[in-house]
Amino acid sequence: VITEQRFVNGVRDKWHPIRCLTRGVFVFREDPDVELEIGADHAWTYAGFLLNGSHDVPTEHRKQIRRFASRAGHSAKRRAVIDIGDMNKKVQNDRLTMVENVMAAAGMRVLAKRHLDYVFGSDKVELEDAKYIPAEKVHTDHPAFLIDIKVRP
């Protein structure tokens, strides 16, 4: 658990639920020396608050991003790593976001991004192709990614 469920006046805050560090490691049967760790990230939204503000919502958002990046960077020293998820930070094409800067400092680069969603990869992961599926086709509020990657040992 990174951040516990937030409550306001004793009522569960549906926009700020519990957040966990969720990871899986896959070992390739064809080559057991190759491992791929995948992080499934979902940071709190900080909408309505200043990103660098002292309120607990943006403070926890920043903490969550730093934990996702720290784990990814630590794991990338041993294996290929991708981190995929809703970072609740609007993608910007003209400048790097806080999420991109923190992940880059941990050795993770952007493989794909759209809307609020990112795919980051370590240096052992190469993006072959990325396609986006509109949100209405996957029946959710975010477009989906379909990515092909190459994993190096």
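Before any of the text, the structure's been laid out above.
Residues numbered from 1 in each chain as written. Predicted model: local features only at pLDDT ≥ 70, side-chain atom pairs only at ≥ 80, totals over all residues. Heavy atoms only, no water.

### Some words on the pattern of salt bridges
Working step 1: Counted by the stated rule, this structure contains twelve salt bridges.
Working step 2: The partner of Arg71 in a salt bridge is Glu37, with the nearest N and O atoms 3.4 Å apart. Taken together, the positions of Arg71 in helix α1 (residues 56-75) and Glu37 in strand β4 (residues 31-42) put the pair 34 residues apart, joining distant regions of the chain.
Working step 3: Of the residues examined, Arg71 reaches a relative accessible area of 30% and is grouped as partly exposed.
Working step 4: A salt bridge links Glu100 to Lys113; its shortest N-O distance comes to 3.1 Å. In this pair, Glu100 sits in helix α2 (residues 98-105) while Lys113 sits in strand β6 (residues 109-114), placing the two residues 13 residues apart along the sequence.
Working step 5: In this structure Lys113 comes out as partly exposed when scored by relative accessible area, which is 22%.
Working step 6: Among the ionic contacts, a cluster of salt bridges with common partners joins Arg23, Glu35, Glu37, Arg71, Arg79 and Asp83. (Salt bridge = Lys/Arg side-chain N within 4 Å of Asp/Glu carboxyl O. Helix = DSSP H or I, 4+ residues; strand = E, 2+ residues; numbered from the N terminus. Buried < 20%, exposed > 50% of the residue type's maximum accessible area, 1.4 Å probe, protein only.)

### Some words on the sheet that holds strand β5 (residues 80-86)
Working step 1: Overall, mixed pairing links the five strands, which are arranged β3-β4-β5-β7-β6 in an open sheet. Every interior strand has two partners, whereas the edge strands, β3 (23-28) and β6, have only one. The average angle at which neighbouring strand axes cross in this sheet is 15°, direction not considered.
Working step 2: Across seven bridges, the pairing between β4 and β5 is parallel. Across the sheet, residue Asp41 finds its bridge partner in β5, namely Gly85.
Working step 3: Taken strand by strand, α2 contacts β4, β5, β6 and β7 (117-121), and its axis lies near 15° from that of β7. (Pairing = 2+ DSSP bridges. Axes fitted to C-alpha atoms, helices over the stretch in contact; angles between N-to-C directions. Contact = heavy atoms within 4.5 Å.)

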